[in-house]
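Fold and geometry: a report
For reference, the chains in residue letters:
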Amino acid sequence: MTEIHPTAIVSAGAELGADVRVGPFATIGPHVRIGDGAVIHGHAVVDGWTEIGRSVRIFPFASVGLQPQDLKYKGEKSTLAIGDGTIIRETATLHPGTAGGGGATTVGSNTLIMVGVHVAHDCHVGNRVIMANGTHLGGHVTIEDAAVIGALSAVHQFSKVGTIAMIGGGSMVTRDVAPYCTVTGDRARLVGLNRIGMERNGFDEAQIDVVKRAFRLLFRSKLLLRDALARIERELAGSPEVDRMVKFIRDSERGICR
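The structure contained in this document is the topic of the report that follows. (Residues numbered from 1 in each chain as written. Predicted model: local features only at pLDDT ≥ 70, side-chain atom pairs only at ≥ 80, totals over all residues. Heavy atoms only, no water.)

1. Here we look at the packing of aromatic side chains
Applying the stated rule across the entire model yields 2 aromatic pairs. Its guanidinium or amino end placed over the ring of F59, R89 lies 3.8 Å from that ring's centre, counting from NZ or CZ. (Phe/Tyr/Trp six-rings, centres within 6.5 Å; stacked < 30°, edge-to-face > 60°. Lys NZ or Arg CZ within 6 Å of the ring centre and 35° of its normal.)

2. Quick notes on the environment of E199
Assignment of secondary structure puts E199 in helix α1 (residues 195-200). Residue classification places E199 among the partly exposed residues on the basis of a relative accessible area of 37%. Placed 128 residues apart in sequence, E199 and L71 show a C-alpha to C-alpha distance of 43 Å. Once residues within four sequence positions are removed from consideration, E199 is found in contact with E205 and I208. (Helix = DSSP H or I, 4+ residues; strand = E, 2+ residues; numbered from the N terminus. Buried < 20%, exposed > 50% of the residue type's maximum accessible area, 1.4 Å probe, protein only. Contact = heavy atoms within 4.5 Å.)

3. Digging into unusual backbone geometry
Geometrically, the link from D186 to R187 is a cis peptide bond, its omega value of -5° lying close to zero. One can find R187 in the loop between β27 (181-184) and β28 (189-193). The phi dihedral of S55 falls on the positive side, at around 60°, and the residue is not glycine. You can see S55 is positioned in the loop between β9 (49-52) and β10 (57-58). Residues other than glycine seldom take positive phi values, yet A146 does so here, at roughly 65°.

Laid out in structure tokens, this is it:
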């Protein structure tokens, strides 16, 4: 059964699923929907048009769904959606979208958002992402599935981080980070291939080998990027992992960390 501490404020209109727990002095706004088994710890604030998935845990002093930090925002309806099993630790801030960015911020399932992380308006964070303490995402950032961002890093507005990429702690990311790659530094530069991340996500040796071949052509040969992409498409066609990397790079608008 749902448990609401007597000191918590749950607005009329909020929808709470089964077995939800709301701790002391927590605040739940009138347009919030919370899935079964979620835990909202004491002093957390969940407001706005926010949808919380099943078994989500939000820790003390987190601020979820409040007005975005965008001077163009004029109070229009915009949303924040958080998938099942995601953990939001202390003092993290997650903002909804804006009209100019599509009106929605999304966070996937089983993602870990550590202490002091900021997810700005119109961001899209995938499943199984890990963002360590003090990570800041500017507006309109995309983080694909299973990426890892080290502590005290920042990702510039409109940048994209590919699946299973890793960003070293204290990095300043101003360009897109290709899938399966590792970057670090201010400004972030490519340092290698995230082999351990691929292994942890179930890649076998054949999959890792073909990604490694593509990586070498892209970043370790003397080929121009367009020539490397064309050669990869000729020689390594049929690998879903390589196809994803090529598409990511071709679609990049900010350029790739190299």
